[in-house]
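# Overview (structure and organization)
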Number of protein chains: 2
Amino acid sequence: MTEQKPHVVIVGAGFGGIQTAKLLAKENITITIVDRQNFHLFQPLLYQLSTSVLSTDDIAYPIRAFFHHNPNVDLFMAKAEGIDTKRKVLLTNHGELSYDYLVLAAGATTNYFGMETVEKNSFPMKTLQDALHIRNHVLHMFERANMQEDEEERRRMLTFVCVGGGPTGVEEAGALTELIHLMRREYHNINFDEVSVKLIEATDKLLPMMPLELRDETVRVLRKKGVDVMLSTQVADCDGERLVLKGGVTIPTHTVIWAAGVKAVPLMTTLGATMDRADRVIVDKTLQVPGHPEIFAIGDNAHFEQDGRPLATVAPVATHQAVVCAKNIKILMQGGQKLELFAYHDLGSMATIGRGDAVLARGNFKMSGFFAWSAWLIVHLMRLAGIHTNIIVTFKWAWNYLSGMRLGRIITNIDI
Amino acid sequence: MTEQKPHVVIVGAGFGGIQTAKLLAKENITITIVDRQNFHLFQPLLYQLSTSVLSTDDIAYPIRAFFHHNPNVDLFMAKAEGIDTKRKVLLTNHGELSYDYLVLAAGATTNYFGMETVEKNSFPMKTLQDALHIRNHVLHMFERANMQEDEEERRRMLTFVCVGGGPTGVEEAGALTELIHLMRREYHNINFDEVSVKLIEATDKLLPMMPLELRDETVRVLRKKGVDVMLSTQVADCDGERLVLKGGVTIPTHTVIWAAGVKAVPLMTTLGATMDRADRVIVDKTLQVPGHPEIFAIGDNAHFEQDGRPLATVAPVATHQAVVCAKNIKILMQGGQKLELFAYHDLGSMATIGRGDAVLARGNFKMSGFFAWSAWLIVHLMRLAGIHTNIIVTFKWAWNYLSGMRLGRIITNIDI
């Protein structure tokens with residue numbers, strides 16, 4: 001009788017999930033990655049898909065392509081719907097998977113904070129499909145405005161609102177103004193005074209993770225680019241025709257891009273563990289779920305306190321946690337007791353705020369402008385999966401930088 | 001009072017439509033291109049999108065990007081639904097457009113020859129969306145088969161049938177076998193003896209436009225690659241679970257790709273002109289629609305007899321007809337009477353039958369194998385729109401040729 005190999009089930013093929021699988025792939029175990037999609041998405045560049053700089057295949061990498069040489073790693077393409085911790089089984093819409101170890105790395109989804117009209121009538125910006133919807137919609141709005149004779153309706157079509165002053169909202173608003181700048185060459189009948197991009201933020205500053213100086217710099221640069229930055233402004237309602245602000249001001253628009261918050265995927269609520277307000281599981285220092293030594297939660301699924309506050313839901317945290325998670329699973333499989341404790345070494349943060357401009361902070365070091373942007377480019381290129389992709393994205397960025405052209409302006413739906 | 005400029009309306013942004021617009025763009029006229037999509041599609045490479053070699057943006061080029069420097073050329077993104085020749089008005093789902101000259105270059109659509117079950121349950125291969133559906137579906141079938149325990153159902157999922165032995169069917173079948181070859185590395189649980197690609201053709205040969213010798217060569221090469229080429233075989237029915245052949249043989253499959261025929265778009269039937277069986281308008285030697293000197297039909301919309309038979313519905317014919325069409329419109333605008341007569345100089349034809357293999361014929365000259373394939377690559381690269389695209393496609397082809405990798409294996413729908 002052969003001994004059954006331990007089965008590690010990893011939910012989610014984001015930064016944390018892929019990294020965990022890679023680090024465990026050489027062990028004498030079976031690994032199953034469960035994901036609704038067949039690709040790893042490079043989320044930090046999602047805004048470039050939505051604004052026609054890059055295309056689908058540039059930021060999505062087939063999960064199986066990572067594991068050519070690892071016949072013990074398989075993908076189970078399904079939606080994880082629940083966890084039965086007693087039977088050690090993951091429930092999916094394509095049946096059950098039993099596990100010896102379970103890694104919850106399923107990422108986050110958009111948080112509308114209970115506002116149903118906003119959920120129904122705004123565009124989220126979290127998945128590949130979300131970004132394609134935004135791209136199709138924005139390009140449609142220009143085509144429709146180009147043949148619209150009523151000025152009020154035309155202005156409504158040409159008003160683009162991003163909600164949320166974090167990196168996603170800031171990068172999306174910046175990239176949209178640049179896309180629109182390019183549109184000037186091609187929509188000869190549109191009066192570009194009627195076009196506007198607005199960025200709405202509830203607090204009085206953008207980019208919460210940045211030092212004060214760079215936060216002010218970001219507002220200044222975006223405004224100079226033509227973004228109408230509206231600080232200390234809260235959203236009350238959204239019906240697809242207009243956005244209503246708290247206080248009663250109304251912005252007529254068909255386009256509200258919602259980047260105001262995320263929460264962990266609903267799967268986490270089936271675990272029965274203690275969670276924070278954003279549905280993240282409060283994990284031990286070993287990244288285990290309290291009471292379930294065989295279940296780990298990492299990345300956007302984990303609430304890990306350090307220096308008195310939870311770590312941010314960003315890719316470097318997930319990747320770093322994957323290293324400790326994989327190490328601890330190995331220790332457990334070898335019958336070890338003493339697990340490694342996780343501690344995050346902050347690598348700093350960065351955000352692009354336009355073509356040739358970014359902000360970057362690491363510890364006390366701060367930088368903005370062209371050199372920060374160059375650093376941003378290099379770091380993102382290095383982290384993209386696959387040399388093939390690196391070369392194509394480098395080429396597209398160079399072409400975009402030199403010519404201002406964006407050839408991804410393809411409307412893929414035919415809902416006209 | 002300023003004189004009203006003549007208005008040329010061009011229906012369709014395919015090879016014929018774009019070429020006509022380019023040739024007329026410098027005249028003192030207004031040009032409106034009407035298309036349901038906002039891009040020009042490079043149809044000869046559509047099969048490469050459906051088999052994950054290239055991505056959307058590589059074979060679709062924004063229509064407006066052709067006309068940066070021509071403020072007199074505009075796009076009207078709408079579906080052309082009818083022609084009112086008395087009022088000289090084109091009817092669309094977004095209102096009417098009056099014209100002085102009308103160019104019908106709206107291309108073709110899939111012809112099911114009245115077989116409703118086939119239309120409902122097979123995959124057409126004519127638009128960008130069609131190719132994306134096929135890509136998503138084929139990749140889904142592999143993911144589903146990978147977790148399917150019933151052998152009969154698994155074989156059904158892994159049987160891929162192309163119907164139609166023209167270039168589209170041949171190229172699709174060839175590219176599918178190569179995609180499947182790559183899958184061997186990644187689906188460690190699938191028994192590839194259960195996978196099959198079939199190519200069904202009603203006559204006893206493939207590639208009707210080719211000399212006999214190359215037609216036999218094509219069958220030989222495809223069979224060597226593992227394609228089950230079924231000649232003299234006709235389709236009777238298709239229900240999504242099985243394909244029924246005339247004579248009663250049944251092939252269990254979820255995937256029937258229909259490349260067996262095309263006909264002109266339904267718009268042509270609203271013209272009230274004499275048409276052939278494929279809904280193409282029988283045009284004069286000047287490419288005008290008889291009785292309507294201000295209306296031209298070109299490419300897949302025109303039935304033009306030469307040497308006793310109608311010209312093939314291929315890109316070179318459309319592009320060449322656009323030249324004569326544009327010239328004749330200029331002559332008419334200048335009050336001229338003597339229009340140019342169209343005559344097609346056959347440039348030959350070519351088709352890829354695999355990685356590193358193609359067939360090519362021009363007059364009495366015939367060629368197959370690696371050099372024919374190299375010629376195919378160069379001709380197609382030269383015809384692609386935009387230097388940017390040329391460079392990216394060259395790179396992707398080189399990468400694909402050298403490594404066998406296809407990174408476009410991204411399932412973009414989330415219908416699991």
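Criteria and cut-off values
- Residues numbered from 1 in each chain as written.
- Chains lettered and ligands numbered in written order.
- Predicted model: local features only at pLDDT ≥ 70, side-chain atom pairs only at ≥ 80, totals over all residues.
- Helix = DSSP H or I, 4+ residues; strand = E, 2+ residues; numbered from the N terminus.
- Rg over C-alpha atoms; globule rule 2.2 N^0.38 Å.
- Buried ≥ 20, exposed ≤ 12 C-beta atoms within 10 Å, placed from the backbone.
- Contact = placed C-beta atoms within 7 Å.
- Domains from an automatic or database assignment.
- Nonpolar A, V, L, I, M, F, W, Y, C, P; charged D, E, K, R; others polar.
- Expected span 1.5 Å × (residues − 1).
- Pairing = 2+ DSSP bridges.
- Axes fitted to C-alpha atoms, helices over the stretch in contact; angles between N-to-C directions.
- Least-squares fit on C-alpha atoms with pLDDT ≥ 70 in both.
- Right-handed = clockwise from strand over helix to strand, strands pointing away.

Attention shifts here to the overall build of chain A. When its secondary structure is counted, chain A shows eleven helices and 28 strands. Computed over C-alpha atoms, the radius of gyration of chain A comes to 22 Å, within 12% of the 22 Å expected from 2.2 N^0.38 for 416 residues, which places it in the range of a compact globule. Its C-alpha atoms give chain A principal-axis dimensions of about 75 × 45 × 45 Å. Across the 416 residues that make up chain A, the buried fraction comes to 50%. Within chain A, counting contacts between residues at least 6 apart in sequence, those at least 24 apart form 63% of the total.

Now for the domain arrangement of chain A. All names here are of chain A. Splitting chain A by domain gives domain 1 (7-110 + 262-333) and domain 2 (116-260). Facing the 14 residues of domain 1 at the interface are 15 residues of domain 2. For the side of domain 1 that touches domain 2, the secondary-structure elements that each account for two or more residues are helix H2 (46-50) and strand E10 (108-110). Residues of the side of domain 1 that touches domain 2, tallied by class, amount to seven nonpolar, seven polar and no charged.

All names here are of chain A. Over its 19 residues, helix H9 (residues 315-333) runs 27 Å from end to end, which matches the ideal 27 Å to within 8%, given 1.5 Å per residue. For H9, the full list of buried residues reads Val317, Ala318, His320, Gln321, Ala322, Val324, Cys325, Ala326, Asn328 and Ile329. For H9, the elements touching its buried residues are strand E1 (7-11), helix H1 (15-24), strand E9 (101-104), strand E22 (292-297) and strand E23 (302-303).

This paragraph deals with the environment of His7 of chain A. Residues and elements named next belong to chain A. With respect to the element layout, His7 can be found in strand E1. Put simply, His7 and Thr286 are 279 residues apart on the chain and 20 Å apart in space, counted from C-alpha to C-alpha. Aside from chain neighbours lying at most four places away, what touches His7 is Thr30, Thr32, Ser98, Tyr99 and Asp100.

Contact with chain B, which involves 45 residues of that partner, is made by 45 residues of chain A. When residues of the side of chain B that touches chain A are traced back to their parent elements, those giving at least two are helix H3 (56-59), strand E4 (60-62), strand E5 (73-77), helix H5 (128-146) and helix H11 (387-403) of chain B. Top element by residues in the side of chain B that touches chain A is H11 of chain B. It accounts for six residues. A class-by-class count of the residues in the side of chain B that touches chain A yields 22 nonpolar, 14 polar and nine charged.

Our focus in this paragraph is the sheet that holds strand E2 (residues 30-35) of chain A. Residue and element names in this part refer to chain A. Strand order in this open sheet of six strands is E5-E2-E1-E9-E22-E21, and the pairing throughout is mixed. Edge positions in the sheet fall to strand E5 (73-77) and strand E21 (288-289), since each of these pairs with one other strand and no more. Sheet topology note: the E1/E9 ladder contains four bridges and is parallel. Paired with Val11 across the bridge in E9 is Leu104.

Turning to unusual backbone geometry, a few remarks are in order. Of note in this structure, Leu207 of chain A is not a glycine but carries a positive phi near 45°. Its location among the elements puts Leu207 of chain A in the loop between strand E13 (196-200) and helix H8 (212-225). What makes Leu207 of chain A buried here is the crowd of 23 C-beta atoms within 10 Å. For Leu287 of chain B, which is not a glycine, the phi torsion comes out positive at approximately 75°. On the secondary structure map, Leu287 of chain B appears in the loop between strand E20 (281-282) and strand E21 (288-289). Assessed through the 26 C-beta atoms surrounding it within 10 Å, Leu287 of chain B is described here as buried.

For the rest of this paragraph, the subject is the pairing of strand E16 (residues 242-245) of chain A. All names here are of chain A. Where strand E15 (residues 235-238) lies against E16, three bridges are found, and the strand directions are antiparallel. Bridge pairing in E16 links Val235 to Leu245. Bridging between E16 and strand E17 (residues 250-252) involves three bridges; their strand directions are antiparallel. Looking at E17, one finds that Leu243 is bridged to Ile251. Following E16, the chain reverses through four residues before pairing antiparallel with E17; Gly247 in that reversal takes a positive phi of roughly 110°.

Bringing the sheet that holds strand E28 (residues 365-369) of chain B into the picture now. Residues and elements named next belong to chain B. In spatial order, the strands read E26-E27-E28; together these three strands make up an open sheet with antiparallel pairing. The outermost strands of the open sheet, each flanked by one partner alone, are strand E26 (349-354) and E28. Each strand of the sheet is rotated relative to its neighbour by a mean of 10°, with strand direction disregarded. When strand E27 (residues 357-362) meets E28, the two strands line up antiparallel, connected through five bridges. Residue pairing across strands places Ala361 opposite Lys366, the latter belonging to E28.

Our focus in this paragraph is helix H7 (residues 167-183) of chain B. Taking 1.5 Å per residue, 17 residues should reach 24 Å; H7 of chain B reaches 24 Å between its end C-alpha atoms and fits that length. Counting buried positions along H7 of chain B yields 15 of 17 residues, so the element is predominantly enclosed.

Here the focus is the relation of the copies chain B and chain A. Here two copies of a chain appear, and what relates them is a rotation about an axis with a shift along it. Expressed as a screw transformation, the operator carrying chain B onto chain A has a rotation angle of 180° and an axial translation of 0.0 Å, and the superposed copies differ by an RMSD of 0.0 Å. Expressed as a symmetry operation, the mapping of one chain copy onto the other fits a two-fold axis. Closest approach to the rotation axis within chain B is made by the C-alpha atom of Ile392 of chain B, at a distance of 3.4 Å.

Our next topic: the pairing of strand E12 (residues 159-163) of chain A. Residues and elements named next belong to chain A. Of all five residues that make up E12, five are buried, and the element is covered over most of its length. Bridging between E12 and E13 involves five bridges; their strand directions are parallel. Bridge pairing in E13 places Val161 opposite Lys198. The parallel pair E12 and E13, bridged by helix H7 (residues 167-183), forms a crossover whose chirality is right-handed. Judged from the four bridges that link them, E12 and strand E18 (residues 255-258) form a sheet pairing that is parallel.

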